[in-house]
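So you can see what is in the structure, the chains are spelled out below.
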Amino acid sequence: MKLRFDASVEAFRAEFLEWLEQNRPSADELAAEPARSSAHLPSWARGWAQRLFDAGWLIPGWPPELGGRNAGAVETLVYLEELNRHNIPRTTNPQGVGIIAPSLIDYGTQEQIDRYAIPVLRGELSACLGMSEPDAGSDLASLKTRAVFDGDSIVLNGQKVWTSGAHDADFCFMFCRTDPDVPKHRGISIVLVPMDTPGLTVRPLKEIIHPHLPDLNEVFLDDVMVPAENLVGELNNGWRMANGALAHERNLVWLMAVLGNESAFANLLEMLPQLLQDCTLSEQTSAIDDLVGLHVDTVAARCLGYRGFARYTKGGTAPEQALMKVYTSEIRQRLALFAAELAGPASLKPSAKRHTDVGTLEDFYSTFASTISAGSSEIQRNIIAEKVLSLPRS
Ligand SMILES: Cc1cc2nc3c(=O)[nH]c(=O)nc-3n(C[C@H](O)[C@H](O)[C@H](O)COP(=O)(O)OP(=O)(O)OC[C@H]3O[C@@H](n4cnc5c(N)ncnc54)[C@H](O)[C@@H]3O)c2cc1C
């Protein structure tokens, strides 16, 4: 069977490729000023976001006034594949563009949309996501950071952790406890907190890989005061909004993981002769066996993703989508471990840039970002057990 897109989808692809050719940031620009964190906007990224937004190529499925062109889901899939094929990031602030701006558009006031969401989409502001706390990660509803109304202001006290890009962001989409006396899911609200507000301290966390380029942070709030109009949506409705916020783009997040795995597999194949040169025949046989297994999984992930996506575009439920995060992130982790083990001592070489190379221990460590963030593999398995397999809760 040969999978093909309709002629109209191919025409959409051709239109995008023509535009991309004229407007893309050059490879030299990308290499000269790489993003140092997930909320850093290098100068090329600001111009790139504006060109994408103004031409309706930022989020093609949205209307033109929000940086789109009302494109369908299949067209959006093709668009993301082409961006990836050309090695061009859509944004250097993925949480801002993928979660925070869409949530503000869904739940915020017109003023919040104009002042925060549109500037994030146009690359004029960057945003970070303040959900996790020292005792509230998987169990997010246990968060304790307090937000108390005081006249026209909201006063915040508490601590966030693992806040990606907080040291480079302009504002935080912060989840806070506004009512401690109701069941924990019902007393949470979201507040917009500019990062330069007095009383807010950001402390970058030194990471095991590229310790000179931190992305994760602790954020401390000590009597931080913001205007009451910075409350997003209804008071105490943060839990429902959190579920809405994280659902944005869920229908296509799998694609980025699949594309990432495919390019990691292609890198691995390129390095294979070098990696196998000092192996005995039996080691080579066993390595090739593992390699074939990884290839089968990589292809199966794309097929599974397509199957779920096809059901989703026809308006059906797609249980495949619940499996994709754990499946793709664990394939990538196995691939990284396989390559690092074959590379042996050479895998210990540290990399100078944020991007890690397959065949290094750093690459293996970096894969834990995907098996932990946005719901760890264990939590994903719980969800699959309950929601897909309808198993009883233990
Ligand atoms: C790269 C990266 C970027 C991140 N960026 C952000 C960000 O920008 N903003 C933000 O708010 N947070 C961010 N996080 C935090 C992330 O959301 C949390 O790490 C995640 O939710 C897990 O929480 P935790 O680290 O507190 O671990 P815990 O919840 O303490 O879990 C510890 C271990 O116990 C397991 N576990 C927990 N509960 C269960 C259960 N019910 N059943 C089975 N096993 C369980 C977990 O799977 C894990 O193995 C980021 C994390 C990473 C790795």
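The structure presented is a predicted model; accordingly, all values stated were derived computationally and were not measured. (Residues numbered from 1 in each chain as written. Predicted model: local features only at pLDDT ≥ 70, side-chain atom pairs only at ≥ 80, totals over all residues.)

As a matter of local geometry, the ligand sits amid 19 residues, with Met131, Gly137, Ser138, Ser376 and Glu378 nearest to it. Only strand E1 (127–130), helix H12 (368–372) and helix H13 (377–388) provide two or more residues apiece to the shell around the ligand. Looking at the shell around the ligand residue by residue, the class counts come to 8 nonpolar, 10 polar and 1 charged. The residues that make up the shell around the ligand include at least three from each of domain 2 (127–236) and domain 3 (249–388). (Near = placed C-beta within 6 Å. Helix = DSSP H or I, 4+ residues; strand = E, 2+ residues; numbered from the N terminus. Nonpolar A, V, L, I, M, F, W, Y, C, P; charged D, E, K, R; others polar. Domains from an automatic or database assignment.)

Turning to the environment of Glu341, a few remarks are in order. With respect to the helices, strands and loops of the structure, Glu341 is situated in helix H10 (residues 319–343). Look at Glu341 and you get partly exposed, because 15 C-beta atoms sit within 10 Å. Between the C-alpha atom of Glu341 and that of Leu275, which follows or precedes it by 66 residues, the distance is 9.4 Å. (Buried ≥ 20, exposed ≤ 12 C-beta atoms within 10 Å, placed from the backbone.)

Before going further, it helps to examine the packing of helix H1 (residues 7–23) against helix H4 (residues 73–85). Where H1 contacts H4, the two axes come as close as 10 Å, and the packing angle between them is 40 degrees. Read as a crossing pair, H1 and H4 show a hand that is right-handed. Where H1 approaches H4, its residues Val9, Phe12, Arg13, Phe16, Leu17 and Leu20 are matched on the opposing element by Val74, Glu75, Val78, Tyr79 and Glu82. For the contact of H1 with H4, the per-class residue count stands at 8 nonpolar, no polar and 3 charged. (Axes fitted to C-alpha atoms, helices over the stretch in contact; angles between N-to-C directions. Left-handed = near helix turned anticlockwise from the far one by under 90°. Contact = placed C-beta atoms within 7 Å.)

Structurally, the chain comprises domain 1 (7–92), domain 2 (127–236) and domain 3 (249–388). The straight-line distance from the C-alpha centre of domain 1 to that of domain 2 is 30 Å. For the side of domain 1 that touches domain 2, a count of residues per class yields 1 nonpolar, 3 polar and 1 charged.

A separate point is the packing of helix H5 (residues 94–107) against helix H6 (residues 110–121). For any two helices packed against each other, one specifies the crossing angle of their axes together with the interaxial distance. Packing of H5 against H6 leaves a shortest axis separation of 9 Å and a crossing angle of 160 degrees. If you check the angle between H5 and H6, you find them roughly antiparallel. Seen from above, H5 lies across H6 with left-handed handedness. Between H5 and H6, the residues in contact are Gly96, Val97, Ile100, Ala101, Leu104 and Ile105 and Gln112, Ile113, Tyr116, Ala117, Val120 and Leu121, respectively. Along the lines of polarity and charge, the residues of the contact of H5 with H6 split into 10 nonpolar, 2 polar and no charged. (Parallel < 35°, antiparallel > 145°, perpendicular 65-115°, else oblique.)

Let's shift gears to the pairing of strand E2 (residues 146–150). Pairing analysis gives 5 bridges linking E2 to strand E3 (residues 153–161), with the strands arranged antiparallel. Directly across from Ala147, in E3, lies its bridge partner Leu156. Hairpin connection of E2 to E3: 2 residues between the antiparallel strands, including Gly151 at a positive phi of 65 degrees. (Pairing = 2+ DSSP bridges.)

Turning to the nonpolar core, a few remarks are in order. Of all hydrophobic cores here, the largest spans 56 residues; its most connected members are Val120, Ala127, Cys172, Val191 and Val193. Split by domain, the residues of this core number at least three in each of domain 1 (7–92) and domain 2 (127–236). Residues within four places of Cys172 in sequence aside, it is in contact with Cys128, Gly130, Ala166, Val193, Met195 and Val219. Within the second largest apolar cluster, 26 residues are counted, among which are Val258, Val326, Ala340 and Phe364. (Core = buried A, V, L, I, M, F, W, Y, C linked by C-beta atoms within 7 Å.)

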